[in-house]
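# Architecture at a glance
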Amino acid sequence: MESLVQHVQRFSELLAVSRTTHVSTWDPATVRRALQWARYLRHVHKRFGRHVRIRRALERRLQNQRRQEGASGSAPVPELTNFQALGRGDLLLSLRLLENRALGDAAYHYLLQQLFPGPGVPDTDEEALQGSLARLARCRSAVQLLRFSGLGENSALEDPVLKTQAELLLGRLQEVPKAEAEGPSRFLSTLWDRLPQNNFLKVIAVALLLPPSSPRPQGEELELGTPKTPGEGAQELVRWLSAKSDVMAAFCHSLPVELLTSVAGRHPALSRAYLGLLTDWGRRLHYDLQKGTWVGAEPQHVSWEELYGRFQSLCRAPPPLKDEVLTALEACKAQDGDFQVPGVSIWTDLLLALGSGS
């Protein structure tokens, strides 16, 4: 029991340090050891949670220690003053480090890898951390995270973990010094190279759809007093995507069609890039007389059905996006010879299909 109480006390001190500038000296190995320590205490919580005598004995020791610290003028760490708190130490540590601007880039990137698990089967510790983040999103940030209008059909927007990750990404973007070489662009490129890319693209999409004027909870402003607004970080994301043609292509290829349409409707620069890609994809198709449809020359080329589905989704969006899409299709049709009969120009066929199906 004495050893366990000492572990809890030392970890309480670690939590206090995680809020200070001392974390500037932490490297990924330090963060990993700190998380392992927190997870050890969570395993203790899980193992002895049903042992009433042990739980009560530990809580008595913690309360006695808290009274002693109060009498001596020391400031206790309230999150670890009861047995239940042992089960959320890794979450508390992760959040405090993410909110601490003194944390170095290498250590921060390691933390991001814990929060951006991507595809695959996570281990038990990762699953527990993800579950905690989901509960955090529902409880602490419910008002801000659910302020989406008309976008409930997108499963990515309904994922509380993705929303939390998007907020963290936007907040971190505003803390990257723009005076440094390439500033936020370099930071985003580093994340792209190191994190699971499909999941990172979803986080970017959700971040681009966060309300630009959404206020942050009290106590979460920048040190200089300027509120962190998602709009500023979103513009950095738009600039980065626009400058990275390979990332933009992956963004448009891998994300759900309706999610892309929502992003295009919010950001004109990205809608133009998306339309440019769709135009390029359309030019790679040719009409197969035997099959009576448009087909790609290579297996990796998009099909007629996919191309039509993407344009159909865009044309169902409200103006001005719908009008811009139809104008672009009319321009392509005119450049192609302005044919009126089907089977000659893919742009004619798309406009005919959209006229009857949208």
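Refer to the structure above for everything that follows.
Report follows, based on the coordinates.

Procedures and definitions
The written sequence of each chain sets the order in which its residues are numbered from 1. Only residues with pLDDT of 70 or above have their local features reported here, since the model is predicted, and side-chain atom pairs are shown and tallied only from 80 upward, although totals for entire chains, interfaces and linings are computed over all residues. Working from all heavy atoms in the structure, the side-chain values ignore hydrogens and water. Strands are runs of DSSP state E lasting at least two residues, helices are runs of H or I lasting at least four, and both sets are numbered from the N terminus onward. Relative accessibility decides the category of a residue: with a 1.4 Å probe and only protein chains considered, values under 20% of the type maximum give buried, values over 50% give exposed, and everything between is partly exposed. In what follows, a contact means two residues having at least one pair of non-hydrogen atoms within 4.5 Å. Here the Shrake-Rupley method, with its probe set to 1.4 Å, supplies the accessible areas, and only the displayed protein chains count as covering residues. Aromatic contacts are taken between Phe, Tyr and Trp rings whose centres are within 6.5 Å, Trp giving its six-membered ring; a plane angle under 30 degrees counts as stacked, one over 60 as edge-to-face, and the others as tilted. Remark: a charge is flagged as sitting over a ring if the NZ atom of Lys or the CZ atom of Arg is within 6 Å of the ring centre and within 35 degrees of the ring normal.

What follows covers the overall build of the chain. Of regular secondary structure, the chain possesses 17 helices and two strands. Buried residues in the chain amount to 47% of all 358 residues. The contacts in the chain between residues at least 6 apart in sequence include a share of 69% that link residues at least 24 apart. For the chain, the accessible surface area stands at approximately 18300 Å², while carbon and sulfur atoms represent 51% of it.

Our next topic: the packing of aromatic side chains. Applying the stated criterion across every chain yields a total of six aromatic pairs. Consider the rings of Tyr287 and Trp294, whose centres lie 5.3 Å apart with planes at 70°: the pair is edge-to-face. Using a relative accessible area of 8% as the deciding quantity, one classes Trp294 as buried. Clustering of aromatic rings is evident, with ring pairs tying together Trp192, Phe200 and Trp240. Positioned above the aromatic ring of Tyr108 is the side chain of Arg172, whose terminal nitrogen or guanidinium carbon lies 3.8 Å from the ring centre.

As a further point, take the environment of Trp304. With respect to the secondary-structure elements, Trp304 resides in helix α15 (residues 304-315). Judged by its relative accessible area of 14%, Trp304 falls in the buried class. If near-sequence neighbours (up to four positions away) are discounted, Trp304 is found in contact with Leu285, Thr293, Trp294, Ile346, Asp349, Leu350 and Ala353.

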